[in-house]
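Chain by chain, the residues:
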Amino acid sequence: MKLYGYWRSSASYRTRIAMHLKGLAFEYEPVHLVKDGGEQKQAAYRALNPVGLVPTLVDGDLVLNQSLAIIEYLDAQHPKNRLIPEDPKQAAIVRSLALDMAAELQPITNLRVLQYLTGTLRVSDEARLDWIHHWVATTFAAFEQRLEQYAGDYCVGDTVSLADVCLVPQVYNAKRFQVDLSPYPRLMGVYERLQALPAFQQAQPEAQPDAEA
Ligand SMILES: N[C@@H](CCC(=O)N[C@@H](CS)C(=O)NCC(=O)O)C(=O)O
């Protein structure tokens, strides 16, 4: 299997976490999102993934974009350390928490959205940062409340799930943009416990071959 990704991309990060949790061997192919205007926009990558975003997974003749589709595929193919529980109610809870991070927060803080804010709409760097802080705080505050109902050691009970896989990269991003995380003690408790797990450490942006100082 080959995973096209970028060290600091949260969608690539969550896919790496899932692959490491399952102990899957894969080749990692870096796609630089910034250099030369972004390799994700160039013809070579677009031929593989016309959407022009990372990650892309290649598994034999299957070429998949969308990290959640990739993770669901891997979970079905390699059920060891299931990330989506078999019980339908638990599965729905896990998916809904995962989507809070991956579908609500991540897209509006993604690189091309931020570039559009500053480049096309001429929003200042300060306002761009306010935008990020606002949406992280909005999402994390609700997530903190939801964890009250569902969390044990991890987001849903004591088993690592897709919700955890999606949470960690968004906390990484929030830290990168110096968001105050003190209002979310439950969320940060889960995050710290996840950070202690080897699969999460292997998937960390700084542990990737394309990581920059
Ligand atoms: N929903 C997609 C999101 C993919 C995505 O937004 N990728 C970002 C990095 S996290 C990207 O490639 N950004 C490049 C750009 O915005 O030009 C997924 O989960 O795979």
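Everything numeric here is computed off the predicted structure, so don't read it as measured data. (Residues numbered from 1 in each chain as written. Predicted model: local features only at pLDDT ≥ 70, side-chain atom pairs only at ≥ 80, totals over all residues. Heavy atoms only, no water.)

## Some points on the site of the ligand
- Near the ligand lie 15 residues; those nearest to it are Gln40, Val54, Gln66, Ser67 and Arg112.
- For the ligand, a nitrogen atom lies 2.6 Å from a polar atom in the side chain of Gln66.
- Relative to its unbound accessible area of 520 Å², the ligand is 92% covered by the protein chains.
- Among the secondary structure elements, those contributing two or more residues to the shell around the ligand are α1 (10-21) and α5 (111-120). (Near = heavy atom within 4 Å. Polar contact = N/O pair within 3.5 Å; in protein donor to acceptor, adjacent residues only side chain to side chain. Areas by Shrake-Rupley, 256 points an atom, 1.4 Å probe, with all protein chains shown as cover. Helix = DSSP H or I, 4+ residues; strand = E, 2+ residues; numbered from the N terminus.)

## Section: the nonpolar core
- Judged by nonpolar contacts, the single largest core of 64 residues is most densely connected at Phe140, Leu162 and Leu187.
- Two domains each provide a minimum of three residues to this core, namely domain 1 (2-81) and domain 2 (88-199).
- The contacts of Phe140, once residues within four sequence positions are left out, are Met101, Leu105, Gln170, Val171, Ala174, Leu181, Tyr184 and Leu187. (Core = buried A, V, L, I, M, F, W, Y, C linked by side-chain atoms within 4.5 Å. Buried < 20%, exposed > 50% of the residue type's maximum accessible area, 1.4 Å probe, protein only. Domains from an automatic or database assignment. Contact = heavy atoms within 4.5 Å.)

## Some remarks on the UniProt feature "domain: GST N-terminal" (unreviewed entry) in the protein
- Mapped onto the present numbering, the UniProt feature "domain: GST N-terminal" (unreviewed entry) falls on residues 1-82.
- For residues 1-82, helix accounts for 35% and strand for 20%, while the C-alpha atoms at its two ends are 19 Å apart. (UniProt positions renumbered as here; feature names shortened; annotations may be inferred.)

## Description of the pattern of salt bridges
- For the structure shown, the criterion picks out 9 salt bridges.
- The closest approach of N and O atoms between Arg146 and Asp100, which form a salt bridge, is 2.8 Å. On the criterion of sequence distance, the pair formed by Arg146 in helix α6 (residues 125-150) and Asp100 in helix α4 (residues 88-105) is long-range, its members being 46 residues apart.
- When its relative accessible area of 21% is taken as the criterion, Asp100 is described as partly exposed.
- Across the pair Glu148 and Arg186 runs a salt bridge, and its minimum N-O distance is 3.7 Å. Linking Glu148 in helix α6 with Arg186 in helix α8 (residues 185-195), this pair joins segments that are 38 residues apart in sequence.
- The partly exposed category is assigned to Arg186, whose relative accessible area is 35%.
- Taken together, the shared-partner salt bridges in this structure form one network comprising Lys2, Glu27 and Glu29. (Salt bridge = Lys/Arg side-chain N within 4 Å of Asp/Glu carboxyl O.)

## Here's the deal with the domain arrangement of the protein
- Splitting the protein by domain gives domain 1 (2-81) and domain 2 (88-199).
- Put simply, the middle of domain 1 and the middle of domain 2, counted by C-alpha atoms, are 20 Å apart.
- Buried surface at the junction of domain 1 and domain 2, both sides included, amounts to about 1,600 Å², of which 65% is carbon and sulfur.
- Together, Arg8, Tyr13 and Arg14 form the three largest contributors to the area buried by domain 1 at its contact with domain 2, with a combined 33%.
- The interface formed by domain 1 and domain 2 contains 1 salt bridge.
- Between domain 1 and domain 2 we count 2 residue pairs in polar contact (both at pLDDT 80 or more) in total. (Buried area = accessible area lost by both parts, 1.4 Å probe.)

## Section: the pairing of strand β4 (residues 62-65)
- Pairing of strand β3 (residues 56-59) with β4, which is carried by 4 bridges, proceeds in the antiparallel orientation. Across the sheet, Val58 pairs through a bridge with Val63, a residue of β4. (Pairing = 2+ DSSP bridges.)

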